[in-house]
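Geometric and topological summary
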Amino acid sequence: MGEGIIIGVLDTGVTPGHPSYDDHDMPPAPAKWKGRCDLNATVCNNKLIGAMSFIDYNNVTRRSTHEPIDYDGHGTHTSTTAAGAFVKGANANGNAKGVASGMAPRAHIAAYKVCYGDECQGHDILAGMDAAVDDGVDVLSLSLGGDSEPYHSDPIAQGGFNAINRGVFVSCSAGNSGPDHSTLSNDAPWLLTVGASTMDRSLLATVKLGDGQEFDGETLYQPHDFGSKMLPLMYPNANEQSSLCVSGSLDRFDVRGKIVLCDRGQNSRIEKGQVVQFGGGAGMIVANAPADGYATVADPHVLPASNVPYAYGLKIKSYINSTASPTATIIFKGTAMNTPHSPAMASFSSRGPSQITPVILKPDITGPGVSVLAAWNDQTFNMISGTSMSCPHLSGIAALVFSGTSMSCPHLSGVAALIKKAHPDWSPAAIKSAIMTTAYATDNSRGPILDERRLPADLFAVGAGHVDPPKAMDPGLVYDLTPQDYIPYLCGLYANNHVRAIVGGPVNCSSVKSISEAELNYPSISVKLPAIHSTPVSYTRTVTNVGAPRSTYRAMVDVPEGVSARVDPTTLSFEKVDEKKSFSITFRRRGGRRQGAVEGQLRWVSTKHVVRSPISIILE
């Protein structure tokens, strides 16, 4: 369960005294721990071993004017997702009841406050990352990020390189700017870039129309006294602002006692409900925008509500237009398990390819990031929407379901802690490889993982697939990389002074033979194939045996029509653990004028393991 491993979480701080930070039966911090707790001495314990703030940090006094207390809730949620203690009877407003814990429930948490609300300054992030590494953390978890920028100007890329140079694994959110391509951040190859997908749990709220049609949606607020009475239904589409239920846009409408249909977009989903509530509305339906498709979110709304897919929103609008007196009600069905087609990609999850290095497949992996239940600071609930409107039905809660790649990132941070505990001598790159090559690419309906359109998600959404923690403990083979292996790649990307800024030490690129990003020993494979059919593209990879001493793997490669791929050799035999073997994989165009992105996979198969690398192919 990650015992003895330290996860450093850079976020908005922590909520002291929350039961998810209980240290019952936890051992003391490891002897290597050098950090400190800037909270009341009775608050930190064997679970929460450190807490520092870097907001307005004074380098002379080594102190901040801000306590590392979480006035937002975000940092409490992410840290307990990674390593929260077991909490019996956990629930959010009576939903998703059960025993809650982080992914590594016996790992230690060290909190570094680098964000205040939505503001995260680059120098605070870099200072926090460097401090965490010096303090002795094993894993860094960063549920934050901005626009993609050159690595020498990116504090997370710089701090991340220092971390892996010291053996510290770094897990980062891909971002919430999907579903458009080339929107992800934290895309440096030494970072694990995490997308967000659903779980098989839904918090159902069914919209029933006056003509009998029913459409399933989701909400966290599940009132027991809403009743089944049909209420007037309206869609305030006089203009774009009113159809979005933006603040002030409903003043001209009489929404009293009605269920109001609001389009998703521009302002937060929760704020839409507050606008409807302010006007006296009885309930709300949030209809997805086209880009959101079927991807719904269970929000802690302030009034009875349901978020429905785009296709259902169109049908509800059609019904409203078909009758002079449309009516509807919302039937709250609570927690439902075994949701089909799970996991599915969240529409908000940022997509690749990377703007900096498009021939390294990003994101690397996806994990649970929709309606994730974890600890929360209930006193700050209304800060989600930036308003002070009351939310009486949620008062007193200590947990909340929340969505974003901020939620998927700490899942992977916790998984990395578990692997680090099982294999303390593995490098950050080996841990990343284990996570990626054991991931699964199918859902619980035995089909491919789908996106928000209910179409197969492409590799720029799902990366290597969805994390499979038990299999990641025993991957068979790993694609390893040392920090020095990145320098030829960086020298091919930037000038000497920029490379020095990234690696934090002397570098002489004139004496280094540069390589392209595709030549890195990465667990995924990306290739650009020119239109000239006869020109092959070949790469070499090296795998390290971390499974049984005597084992044999055979190559199985799948590529789409119009592309050929040859692996040499096709068999790899190992005699001992940590033995390395290299192979080449050569791609060639085989007729046709098709352009764009296609995909395949390379699998090394033994009697016990399947080591899978996704292949992203750009046909030029």
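Labelled according to an unreviewed UniProt entry, the protein chain appears under the name Subtilisin-like protease, originating from Musa troglodytarum. Quoted verbatim from the Subcellular location (unreviewed entry) field of the UniProt record, the comment on the protein chain reads "Secreted". Under the heading Sequence similarities (unreviewed entry), UniProt records this for the protein chain: "Belongs to the peptidase S8 family."

1. What to know about the sheet that holds strand 27 (residues 563-568)
Taken in spatial order, the four strands make up an open sheet running 23-25-29-27, and their pairing is antiparallel. Each edge of the sheet is formed by a strand with only one pairing partner; in this case those strands are strand 23 (477-478) and strand 27.

2. What about the sheet that holds strand 26 (residues 551-558)?
On the basis of which strands lie adjacent, the open sheet formed by five strands has the order 24-31-30-26-28 and mixed pairing. Pairing within the sheet leaves two strands with one partner each, and these edge strands are strand 24 (525-529) and strand 28 (571-574). Adjacent strand axes in the sheet meet at a mean angle of 20° when their direction is disregarded. Here strand 30 (residues 596-605) runs beside strand 31 (residues 610-619); their pairing, made up of 10 bridges, is antiparallel. The residue of strand 31 that forms the bridge with Trp604 is Val611.

3. Concerning helix 8 (residues 428-437)
One turn of an α-helix holds 3.6 residues; hence residues three or four places apart share an orientation. For helix 8, the tally of buried residues reaches 10 of 10 residues, placing the bulk of the element in the interior. Listed as buried for helix 8 are Pro428, Ala429, Ala430, Ile431, Lys432, Ser433, Ala434, Ile435, Met436 and Thr437.

4. A short note on the packing of aromatic side chains
Counted under the stated rule, the structure contains 13 aromatic pairs. Measuring from centroid to centroid gives 5.1 Å for Trp376 and Phe402, while their planes differ by 45°, and the two rings are tilted. Taken together, the residues span a long stretch of sequence, with Trp376 in the loop between strand 21 (372-375) and strand 22 (399-402) and Phe402 in strand 22 at a distance of 26 residues. Comparing Trp376 with Phe402, the two get one shared label, buried. A centroid spacing of 6.1 Å and a plane angle of 85° characterise the contact between Tyr553 and Phe574, whose relative ring orientation is edge-to-face. Taken as a pair, Tyr553 in strand 26 and Phe574 in strand 28 lie far apart in primary sequence, 21 residues in all. The same class applies to Tyr553 as to Phe574, namely buried. Connected via pairs of aromatic rings, a cluster forms that spans Tyr151, Phe161, Trp190, Tyr486 and Tyr494. The ring of Phe253 has Arg252 sitting right over it, with the charged end atom 5.4 Å from the ring centre.

The rules we used
- Residue indices follow the written sequence of each chain, beginning from 1 at its first position.
- Owing to the predicted nature of the model, reporting of local features is limited to residues with pLDDT of at least 70; listing and counting of side-chain atom pairs is limited to 80 or more, with chain, interface and lining totals taken over all residues.
- Side-chain numbers come from the whole structure's heavy atoms, not from hydrogens or water.
- UniProt positions are given in the numbering used here, feature names are shortened, and annotations may be inferred rather than shown by experiment.
- The rule for pairing is simple: two strands pair if DSSP sees at least two bridges between them.
- The helix count covers DSSP runs of H or I at least four residues long, the strand count covers runs of E at least two residues long, and both are numbered beginning at the N terminus.
- Inter-axis angles, ranging from 0 to 180 degrees, are taken between N-to-C directions of lines fitted to C-alpha atoms, where helices are fitted over the stretch in contact.
- Exposed residues in this analysis have more than 50% of their type's maximum accessible area, buried residues have under 20%, and partly exposed residues fall in between, with area computed by a 1.4 Å probe over protein chains only.
- Aromatic contacts are taken between Phe, Tyr and Trp rings whose centres are within 6.5 Å, Trp giving its six-membered ring; a plane angle under 30 degrees counts as stacked, one over 60 as edge-to-face, and the others as tilted.
- Charge over a ring is defined by NZ of Lys or CZ of Arg lying within 6 Å of the ring centre and within 35 degrees of the ring normal.

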